[in-house]
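These are the residues of each chain, in order.
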Amino acid sequence: MGPPGAGKGTQAPRLSEHLSAPHVSTGDMLRAEVAASSNLGLKAKTFMDAGDLVPDDVMIGMIVARLQADDASDGIILDGFPRTVAQAVALDEALYNSGGSIDLAVSIDVDRDVLINRLAGRATCKNCKTPYHLTFSPPATAGECDKCDGELDQREDDQPEAVKNRLKVFDKQTAPVLDYYRGRKKLLSIDGAASPDEVFTSLVNAISS
Ligand code: AMP
């Protein structure tokens, strides 16, 4: 968990590899629905472009279905879910019904000014999803992925107005979820200001201790 730009989408795939557990990003799932122009994608796009949350019933249905897939039986790394207390409660219920529970909620903490700078330059390869920052970690050739030569893309919701709204939405709707897990002694907070490698090391160390 963490505000937009904290590094969830950078750390979660690494953790997924490290723990051999599937990475489940609700943002990625929604972007795939938008790209496929499905009914769900068309419904979600308006909310996403504005930086608002997609309604809880849609998100809960999506995750409950994903939890039932075979590859989820030994655990998954959730990225971007839950983002409201209603989602957290529904997740606990769904896991309880299948004999499981949340092991840990990890909050990646980063100052607001750092987040805004990160989001303003964020770009991702359309093809292999490698993340870049156009100022801090640009590709060798402008607009082209170093790994696969794919085209780089900047998210619609990384535009300044949407970013402002996403941060507001985080404070209002998602920060209470941190309290939800804190109250259940499941919250681990790590400092996300350092480089991706350093954050990953502290993430792995914190989880194993
Ligand atoms: P992300 O890639 O996690 O930043 O998500 C991008 C956008 O997808 C968010 O700004 C929301 O519009 C939507 N979204 C992703 N996950 C959720 C969720 N758990 N609940 C509601 N909306 C979500």
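Residues numbered from 1 in each chain as written. Predicted model: local features only at pLDDT ≥ 70, side-chain atom pairs only at ≥ 80, totals over all residues. Heavy atoms only, no water.

1. Observations concerning the side chain of Gln11
Short version of the rule: Numbering of helices and strands starts at the N terminus; helices are DSSP runs of H or I of at least 4 residues and strands are runs of E of at least 2. Exposed residues in this analysis have more than 50% of their type's maximum accessible area, buried residues have under 20%, and partly exposed residues fall in between, with area computed by a 1.4 Å probe over protein chains only. The contact criterion used is simple: two residues touch if any of their non-hydrogen atoms lie within 4.5 Å.
Turning to its location among the elements, Gln11 is positioned in helix H1 (residues 8–19). With a relative accessible area of 4%, Gln11 lands in the buried category. Residues within four places of Gln11 in sequence aside, it is in contact with Ile108, Pro196, Val199, Phe200 and Leu203.

2. Brief notes about the layout of surface pockets
So the rule is basically this: Cavities and pockets are found on a 1 Å grid laid over the protein atoms alone: a cavity is a set of points where a 1.4 Å probe fits but cannot escape, a pocket is an open set with protein on both sides within 12 Å along at least five of seven lines, and a lining residue has an atom within 4 Å of such a point. Grid points are joined across faces, edges and corners, and a volume is the space filled by probe spheres set on the points. Residue type decides the class: Asp, Glu, Lys and Arg count as charged, Ala, Val, Leu, Ile, Met, Phe, Trp, Tyr, Cys and Pro as nonpolar, and the leftover types, Gly among them, as polar.
What the second largest pocket holds in volume is close to 780 Å³. Surrounding the second largest pocket, 31 residues form its lining, Ile76, Ile77, Leu78, Asp103 and Leu104 being those nearest its centre. Those elements giving two or more residues to the lining of the second largest pocket turn out to be H1, strand S2 (77–79), strand S3 (105–109) and helix H8 (196–208). Ranked by residues supplied to the lining of the second largest pocket, first place goes to H1 with five residues. When its residues are assigned to classes, the lining of the second largest pocket shows 21 nonpolar, six polar and four charged.

3. Side note on the site of the ligand
Our working rule: What makes a residue near a molecule or strand is one non-hydrogen atom of that residue sitting within 4 Å of it. Polar contact criterion, stated in full: a pair of N or O atoms within 3.5 Å, where within protein one must be able to donate a hydrogen and the other to accept it, and residues adjacent in sequence count only if both atoms are side-chain atoms. Method for areas: the Shrake-Rupley scheme with a 1.4 Å probe, in which residue coverage is limited to the protein chains shown.
Around the ligand sit 16 residues in total, of which Thr26, Arg31, Asp52, Gly80 and Gln87 are the nearest. Contact distances for the ligand include 2.6 Å between an oxygen atom and a backbone N or O atom of Asp52. Take Arg83: an N or O atom from its side chain is 3.0 Å from a nitrogen atom of the ligand. Protein contact buries 96% of the 480 Å² of open area that the ligand shows by itself. With four residues, the top contributor of residues to the shell around the ligand is helix H2 (residues 26–35). Looking at the shell around the ligand residue by residue, the class counts come to six nonpolar, four polar and six charged.

4. Considering the packing of H1 against H8
The test is simple: Lines are fitted to the C-alpha atoms to define the axes, a helix being fitted only along its stretch in contact, and any angle between axes, read from their N-to-C directions, falls within 0 to 180 degrees. What sets the label is the angle itself: under 35 degrees gives roughly parallel, over 145 gives roughly antiparallel, 65 to 115 gives roughly perpendicular, and the rest give oblique. Whether a crossing is left-handed or right-handed is set by the direction in which the near helix is turned from the far one by less than a right angle, anticlockwise for left-handed and clockwise for right-handed.
The contact between H1 and H8 brings their axes to 10 Å, and the two run at 50°. In terms of their interaxial angle, H1 and H8 are classed as oblique. As for the relative orientation of H1 and H8, their crossing is right-handed in sense. Of the residues in H8, those touching H1 at Thr10, Gln11, Arg14, Leu15 and His18 are Pro196, Asp197, Val199, Phe200, Leu203, Val204 and Ile207. Across the contact of H1 with H8, the residue classes tally to seven nonpolar, three polar and two charged.

5. Concerning the nonpolar core
Definition in use: For this analysis, a nonpolar core means a set of buried residues of the types Ala, Val, Leu, Ile, Met, Phe, Trp, Tyr and Cys, connected via side-chain atoms within 4.5 Å.
Counting 24 residues, the largest nonpolar core has Leu30, Val54, Leu91 and Tyr181 as the members making the most contacts within it. Listed by contribution, the elements that provide at least two residues to this core are helix H3 (39–50), helix H4 (56–67), helix H5 (85–97) and helix H7 (160–183). Setting aside anything within four residues of it in sequence, one finds Tyr181 in contact with Met1, Pro82, Ala88, Leu91, Ile102, Ala105, Lys186 and Leu187. Grouped together as the second largest cluster of nonpolar side chains are 18 residues, Ile77, Val110, Leu167 and Leu188 included.

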